[in-house]
Structure formats: C-alpha cells, structure tokens
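Chains, contacts and geometry: an overview
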Amino acid sequence: MKALVKTKKGKGFLELKEMPIPEINQDEVLIKIHYTGICGTDVHIFTDQFPIYYPPVILGHEFSGEIVKLGKQVTSWKIGDRVVAECQSQVCGTCRFCRTGHPEACLSKRSPGWGINGSFADYIKMPAWLLHKIPANVSYREAALTEPAAVCSQALYSRAKVSTGDFVVVLGTGPIGIIIARMAQIAGASRVLITGIDKDEKYRLLLAKKLGIEHTVNTSKINLKEMVNDLTDGVGADLVVEATGVEPAINQAFDIVRKLGKIAVIGVSEGRLNVNWSAGSFKALDICFSFSSQYEDWVRVLNLFGNHALDLSDLVTHEYQLADWKKAFNKALDCQGGKVLFKI
Ligand SMILES: [Zn+2]
Ligand SMILES: [Zn+2]
C-alpha cells in the first residue's frame, strides 16, 4: 500500500513509500481509510517540532474508514462497518491513568501517527475496543473530523465546563478554534467572539463567519480588551479559550478574562513563555489545560454530527490525494485554509 512515512528524525524526511498492509492481531480490525486529516501534530512532526515520535512511522491519526478484516476475537463488528477510532492504540492497562479511566494519559501510550503507524495510508489496523460507528447520515468526509472535534469537546465541555450564558472568547481561528467556538454556541454561550490577526483576515476569519460565528475580531486592528470591556460592562469574559499557543495571545487571555473566570488552554506552545502569571492570582482564575480526548467525547461528537446539531462540513476547505502531500502540507502550513484532508 501507499503510505506517507516520516523516515527519520529531523526537519522534512517525509516520503510517499510502498509499505506492507498491516497484519492484524486477534483483537484488532483492518480499516480501509476513506478520509484522513492533517493535524498540527503531523505538521510539527514534519518540521521536527514535536517532542516524541519513533521513525520510520506513517503519520496521521484523524481518519474515517470501513472495516475490511476482523481479528478472530472481534465479535461486535462486521466487515463493511463505517468507523472512526480513538487514538490510544497501545496502552498498558495497569498504570494509574489506565486504571482510573484515562488510557489517553497512559504512561506508555503509543498512538497512530507518531508512536505506531498512522492513517496517511490505504489501510490502518486498530484495536476493536477503540472503534466508534459513524452514524448512517454522516459522510466519511465529515466523520474524519471526529478526532479534532473530540479533542475540542474534551477541552470545552469536560475540562473547562462551559456554562449556558457564558461570554466566551476563543483566541485563534485555526480549525480547532473554529470548532471550539461552534461548540460554545451549541452549549448556550450568550456570546462567542473568535479572534485572529492580520494574516487570518483574508481566509480564516471569513471561514469562521461562514461556519456561523458572527463575532470575528482581527486583534491586529481592534483593541480586544476595550472591546470585551465594552461588551461586558467592564467585567471581562467568563471563559477564554486559548487556541494559538503563542505568547501575545496567552497574555491577552489573562487580560480579558474576568475575575474568578476561566482560561482553557488547547493551543500548544514551544519552550518557556513570558506570561502575566500574577494576573491569574489577583483574578483568582481557574486555568485548565487539555490534551487528547476520552470515550465520552467521541460519543458526544458523533451524536452532535448525527443529529445535525454540529455541522462542520464547511470547515473542510482542501482535499488532496496522498501523492500531492507536499501541496497538502504547504496548505496546512500557510494558514490560508480550514481543515485539509487526504482522500484515500
Ligand atoms: Zn489531531
Ligand atoms: Zn497505562
């Protein structure tokens, strides 16, 4: 099969290669990939900015597909089932995190796309216990967004616990920022603002509008703090979701959140940052970080997709064949698009 492989550590070293179709174990299924999305993780492994990965490894972990082969012990699935899958393929089952229902935090976790072979390929093998059925009325194309949406669900619903009526500001208008903003609306936020900077003005801020987020703000041009103060009678935002990972935006979060408010962090930062930490003390903030997702997030997202409470079809703005991976990665890097998918 064709697969996009990170062949060794360092910047670049991505190659489209012929690889063997994975051999499945008794408790696994073989999945024919239909769509698979490029995530920040894949881009960071491509540019060698991701802390751990084990080359040679096929990249990709956001996918939808159909079961084409069943391991002997797999009884609850059949050939042809349309599925998506949680990422924690290899976990120990015995560490404190596994035993307390957090396999996504397992100390020896290995997931597709960095720890073991991933989804930028014709086929992937997955343990049956991680599978979720795609609702009949949800396309493979949209279902490929289940993983990023589950990560957003974890951050916003499970960790930050957004409340009805909240005034929410989402910093960052990448695919994750846009999904979070839509999810905040669904949760009954009284107002949702999403921010970008000059480079987002031509594409991503417009895309956010198209997805139904009315209040888009270019913070290179508009003073966000003044704006939030005006809209909240000087109180500040109830919840700020940081989806950029960059220092100026993180400090903005401390600036615009209200006293006793919340900051949810989903953006990934590099290195040490110069952050206005004392604002957190004087405002008595709740700050929660979030990564990965849990079973309940996958159920929630597939229910939202299946019942059309959340429609992210327009978030997919670019589709490529695996052979055009260079174009696809450049598109993901130039920030002038929404979600970039490979159609396999
Ligand atoms: Zn992802
Ligand atoms: Zn474990």
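These notes cover the structure that comes with them.

Criteria and cut-off values
Residues numbered from 1 in each chain as written. Chains lettered and ligands numbered in written order. Predicted model: local features only at pLDDT ≥ 70, side-chain atom pairs only at ≥ 80, totals over all residues. Heavy atoms only, no water. Donors = N, O, S within 2.8 Å, 3.2 Å for Na, K, Ca; no water. Buried < 20%, exposed > 50% of the residue type's maximum accessible area, 1.4 Å probe, protein only. Pairing = 2+ DSSP bridges. Helix = DSSP H or I, 4+ residues; strand = E, 2+ residues; numbered from the N terminus. Axes fitted to C-alpha atoms, helices over the stretch in contact; angles between N-to-C directions. Contact = heavy atoms within 4.5 Å. Right-handed = clockwise from strand over helix to strand, strands pointing away. Arc of directions from axis to C-beta. Parallel < 35°, antiparallel > 145°, perpendicular 65-115°, else oblique. Left-handed = near helix turned anticlockwise from the far one by under 90°. Nonpolar A, V, L, I, M, F, W, Y, C, P; charged D, E, K, R; others polar. Tetrahedral: all angles 85-135°; square planar, octahedral: opposite > 155°, others 65-115°. Salt bridge = Lys/Arg side-chain N within 4 Å of Asp/Glu carboxyl O.

Details of the coordination of the zinc ion (ligand 1)
Protein coordination at the zinc ion (ligand 1) comes from C39 (SG), H61 (NE2), E62 (OE) and E147 (OE), with a distance range of 2.2 to 2.7 Å. Here the donor residues of the zinc ion (ligand 1) are spaced in sequence according to C-x21-H-E-x84-E. Here the two residues H61 and E62 agree in accessibility, since each one is buried.

A short note on the sheet that holds strand 1 (residues 2-6)
Read from one edge of the open sheet, three strands run 2-1-4, paired in antiparallel fashion. The open sheet terminates on both sides in strands that have one partner only, identified here as strand 2 (14-18) and strand 4 (57-58). Of the strand pairs in this sheet, strand 1 and strand 2 are connected by five bridges, and their pairing is antiparallel. Bridge assignment links L4 to a residue of strand 2, and that residue is L16.

Concerning the sheet that holds strand 14 (residues 286-289)
Read from one edge of the open sheet, six strands run 11-10-9-12-13-14, paired in parallel fashion. Of all the strands in the sheet, the pair left with one neighbour each is strand 11 (215-218) and strand 14. Going across the sheet, the axis of each strand differs from the next one's by a mean of 20°, ignoring polarity. Here strand 9 (residues 167-171) runs beside strand 12 (residues 237-242); their pairing, made up of four bridges, is parallel. Along strand 12, the bridge assignment pairs V168 with L239. Helix-sheet contacts for helix 7 (residues 224-231) involve strand 9, strand 10 (191-196), strand 11 and strand 12, and the interaxial angle to strand 10 is about 175°.

Notes on the pairing of strand 15 (residues 316-320)
Of the pairings in the sheet, the one linking strand 15 to strand 16 (residues 339-343) comprises four bridges and is parallel in character. Across the sheet, residue Y320 finds its bridge partner in strand 16, namely F342. This β-α-β element, strand 15 to helix 11 (residues 325-334) to strand 16, shows right-handed connectivity.

Points about helix 11
Residues of helix 11 that are buried: W325, A328, F329 and K331. All buried residues of helix 11 project into a common sector of 155° when viewed along the axis, lining one side. Along helix 11, exposed side chains directed more than 90 degrees from the buried face belong to K326 and K327. Of the surrounding elements, those touching the buried residues of helix 11 are strand 1, strand 2, helix 1 (40-46), strand 15 and strand 16. At the exit of helix 11 stands C335, carrying a positive phi of roughly 60°.

Regarding the side chain of S292
Examined against the element boundaries, S292 turns out to sit in the loop between strand 14 and helix 10 (295-306). Among residues more than four places away in sequence, those in contact with S292 are E104, K109, V151 and Q154.

Some points on the packing of helix 4 (residues 146-159) against helix 10
Between helix 4 and helix 10, the shortest axis-to-axis distance is 8 Å and the interhelical angle comes to 110°. By the criterion of interaxial angle, the relationship of helix 4 to helix 10 is roughly perpendicular. Pair helix 4 / helix 10 crosses with right-handed handedness. Together, T146, E147, A149, A150, S153, Q154, Y157 and S158 of helix 4 and E296, D297, W298, R300, V301, L302 and F305 of helix 10 make up the contact between the two elements. Among the residues making up the contact of helix 4 with helix 10, the classes are represented as seven nonpolar, four polar and four charged.

Considerations on the coordination of the zinc ion (ligand 2)
Those donors, C92 (SG), C95 (SG), C98 (SG) and C106 (SG), are the protein atoms that reach the zinc ion (ligand 2), and they lie 2.3 to 2.4 Å from it. For the zinc ion (ligand 2), the four donor atoms in the first shell make angles of 104 to 117° at the metal, a pattern classed as tetrahedral. Within one chain, the residues donating to the zinc ion (ligand 2) are spaced in sequence as C-x2-C-x2-C-x7-C.

Points about the pattern of salt bridges
A full pass over the atoms with the stated rule returns 11 salt bridges. K125 serves as the salt-bridge partner of E28, at 3.6 Å between the closest nitrogen and oxygen. Of this pair, E28 sits in strand 3 (residues 28-37) while K125 sits in strand 7 (residues 123-127), and the two are 97 residues apart along the sequence. The salt bridge involving D334 is made with K331; its shortest N-O contact spans 3.1 Å. Residue D334 and its partner K331 are located together in helix 11, separated by three residues, close to a single helical turn.

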